[in-house]
Amino acid sequence: MSDDAGRDAGPTEGRAWSTLSHLECPRCGDHLDASVHQGLCPRDGSPLLARYDLARVAVTREEVERRAPDLWRYHELLPVQGPEGVVTLGEGMTPLLAAPRLAADLGVGRLLVKDEGLLPTGSFKARGAAVGVSRARELGVRGLAMPTNGNAGAAWAAYAARAGLPLLVAMPVGAPAITRAECVAAGAQLHLVDGLISDAGKLVAAAVAEDPDRWTDVATLKEPYRIEGKKTMGFEIAEQLGWRMPDVVVYPTGGGVGLIGIWKALHELLELGWVSGRMPRLVAVQATGCAPIVRAFEAGAEVSEPWVDASTVAFGITVPKALGDFLVLRAVRETGGTALAVDDDELLAELQHVGSLEGLVLCPEGAAVVSAVRRLRGSGWIGADEEVVVLNTGAGIIYPEALPVRVGDGPGEVPVVAKDGRLEVRRG
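Summary of the structure given here.

## Some thoughts on the sheet that holds strand E1 (residues 20–24)
The strand order across the open sheet formed by three strands is E2-E1-E3, and the pairing between neighbours is antiparallel. Two strands lie at the open edges of the sheet, namely strand E2 (31–32) and strand E3 (49–52), each paired on one side alone. Where E1 meets E3, four bridges bridge the pair, whose relative direction is antiparallel. Directly across from Glu24, in E3, lies its bridge partner Leu49.

## Some thoughts on the layout of surface pockets
Here the largest pocket defines a volume of roughly 780 Å³. Elements that contribute at least two residues to the lining of the largest pocket include exactly helix H4 (151–163), helix H6 (197–210), helix H7 (226–230), strand E10 (248–252) and helix H9 (257–272). Among the elements that take part in the lining of the largest pocket, H6 stands out by supplying five residues, more than any other. Class assignment for the residues of the lining of the largest pocket results in 16 nonpolar, 14 polar and eight charged. As a volume, the second largest pocket reaches approximately 410 Å³.

## A short note on the environment of Cys290
Its place among the elements puts Cys290 in the loop between strand E11 (281–287) and helix H10 (292–299). According to the relative accessible area criterion, Cys290 is buried, its value standing at 0%. Residues Cys290 and Ala301, spaced 11 residues apart in sequence, show a C-alpha to C-alpha distance of 17 Å. For Cys290, the contacting residues outside a window of four places in its chain are Trp307, Ala310, Ser311, Ile317, Thr318, Val319 and Pro320.

## Quick word on helix H3 (residues 125–138)
Residue pairs three or four apart in sequence face the same way in an α-helix, which turns once every 3.6 residues. With 14 residues, H3 ought to run about 20 Å at 1.5 Å a step, and its terminal C-alpha atoms sit 20 Å apart, in line with that. In terms of burial, H3 is largely enclosed, as 12 of its 14 residues are buried. Here H3 has its buried residues at Lys125, Ala126, Arg127, Gly128, Ala129, Ala130, Val131, Gly132, Val133, Ser134, Arg135 and Ala136. Next to the buried residues of H3 lie E1, strand E5 (110–115), strand E6 (144–147), H4, H7 and helix H8 (232–240). Downstream of H3 by one or two residues, Gly140 has phi in the positive range, about 85 degrees.

## A word on the nonpolar core
By size, the foremost hydrophobic cluster in this structure holds 96 residues, and its most contacted members are Trp72, Leu144, Trp156 and Leu167. If near-sequence neighbours (up to four positions away) are discounted, Leu144 is found in contact with Val133, Ala136, Trp156, Ala160, Leu165, Pro166, Leu167, Leu168, Trp215, Thr216 and Val218. In terms of nonpolar packing, the next biggest core, distinct from the first, is built from 36 residues, Leu106, Val108, Ala287 and Tyr399 among them.

## Some details on empty space enclosed by the protein
If you walk through the whole model with that rule in mind, you get four cavities of 30 Å³ or more. By volume, the largest cavity is sized at about 70 Å³. Together, His37, Gly132, Ala136, Leu139, Val141, Leu144, Trp156, Thr216, Val218, Glu223 and Tyr225 line the largest cavity. A class-by-class count of the residues in the lining of the largest cavity yields seven nonpolar, three polar and one charged.

Conventions adopted
- Residue indices follow the written sequence of each chain, beginning from 1 at its first position.
- Under the rules for a predicted model, residues below a pLDDT of 70 receive no local features and side-chain atom pairs below 80 are neither given nor counted, while totals for whole chains, interfaces and linings still include all residues.
- Neither water nor hydrogens contribute to the side-chain values; these are computed over all heavy atoms in the structure.
- Strand pairing is defined by DSSP finding a minimum of two bridges between the two strands.
- Think of it this way: any DSSP run of H or I at least four residues long counts as a helix, any run of E at least two long counts as a strand, and we number them from the N terminus.
- Think of a 1 Å grid over just the protein atoms. A cavity is a set of points where a 1.4 Å probe fits yet cannot get out, a pocket is an open set with protein on both sides within 12 Å along at least five of seven lines, and lining residues have an atom within 4 Å of a point.
- Grid points are joined across faces, edges and corners, and a volume is the space filled by probe spheres set on the points.
- Three categories are distinguished: nonpolar for Ala, Val, Leu, Ile, Met, Phe, Trp, Tyr, Cys and Pro, charged for Asp, Glu, Lys and Arg, and polar for the others, with Gly belonging to the last.
- Throughout, exposure labels follow a simple rule: accessible area from a 1.4 Å probe, protein chains only, divided by the maximum for the residue type, with under 20% read as buried, over 50% as exposed, and the rest as partly exposed.
- Should any heavy atoms of two residues lie within 4.5 Å, those residues are considered in contact.
- Expected helix span is computed as 1.5 Å times (number of residues minus one).
- Here, nonpolar core means buried Ala, Val, Leu, Ile, Met, Phe, Trp, Tyr and Cys residues that are tied together by side-chain atoms lying within 4.5 Å of each other.

Quick look at the structure:
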C-alpha cells in the first residue's frame, strides 16, 4: 500500500476502518458470515451483497473530502478490514467532465462524462480488481481464476501480481489484443478461447472444480467484493456533484456490476443522509448484437434469457447471460429507468463524433451510452433541462480497431506527403 492510499485526515482512533457487517442474498434474504470466503448463496446460487453497519460510520463527508483522492477514501463502506490489507495502484477519483458542446449537440441541459479510462490498466475494472483482490488476499485465498472479455482480466492480472497471487485467465480469442498483452505482462496464466465469455466461464469453472484448493473462481458476481470496488463510481459521482445526485445515469451493461454498484452506493449514501432526494433514473445500454437485458426489460421479465450468437464491436458488453441480470433489472425498474440497445454502426459514428466535439476518445461501450442519450433525448424520455451522467468505462486506445486510420488519397483517408511536398489543408 502506498503512503497516501486510504490515509485519513485527522484522528481516527476508536473508529472502525470498515463497517462490514455480513453478506446478504438478495433473493432469499439469508445472511452469511463475511469473515470467511464466500462465493454464491448456498441456498439458491444467487450473488451475495456486502452489507454494512451504517450506524458505525463515524466519519463525515467533510472528512472524506480531505482524504487522499483514491477510492479507499470511502474505506468505512468497503470490505477490507484495515489499511494493511489494501492492494493499490492508485485507483479512483476519475474526472467527471462537463461536455458542453456534446450536451448542446444532444439537446440536454447538462452532460457529464465520468471518464474511467484514466484508471490503472485503462478501465473501470481496476476498481473491482483493487477491492476484490485485496479482500481475497485478506481472507487467505491462494489463487484466482476468471473468464473475461479483456479489461477485467487485464485489471485482475495487475492487482493479483501486486498482491503476489497467481491468476488463471480465460479470454475469448476475439477480445482486444491489448488486454491480452496486459495479462501476459502481469504474469497471468492466459488461455484464449474460441468462443464467448460464457464459454470461457465454463472452462474456468471446470479448472476450479479440478483443483479447488489452488483456484478460487472470481468471475463476475461469483464473489461479493468486485461490486464493492465498482460502487465507488457512485460515491465519486455524488461527491463530485457536491453530494447530490444527477437526474439520469447512463451505463453500458454487460455483466451489469457497475450499474448495480452505483445503485447500491447511492442507497448507502441516502441511508447515511449524505445525499437526499430522488434516486437518478438508471439506464442500461446494450448493443443490438447482444441485448439480453433489454429484451427482458421490454418483456417485463425478472431475469434474462441467454442471447444466441452474440456479437458486437463493444466487446466489453458482449455478455449473453449475466449472473446478476435480476439485480440490473431491479435497479432500472426501481429508479424509473429504462434499457435500450444501439447498433454498432451508430456507436462507432458516435465515437468519432464525440472525439471531434470534446477531444474525448471513448471506448465503444462509452460511445454506446452517448448514442443512447441521443435516442432518449429524441424520444423525450430525457428532458431538455436534465442533468445526465454517462460512464465511459475504458480508454479508447484499448480498441484501436474501432477507429482505424486508412492511409491513401481517397475520401476519409489520411494522405502521405513527400518530405519536400506541400500540405493540402482543408478549409472549414
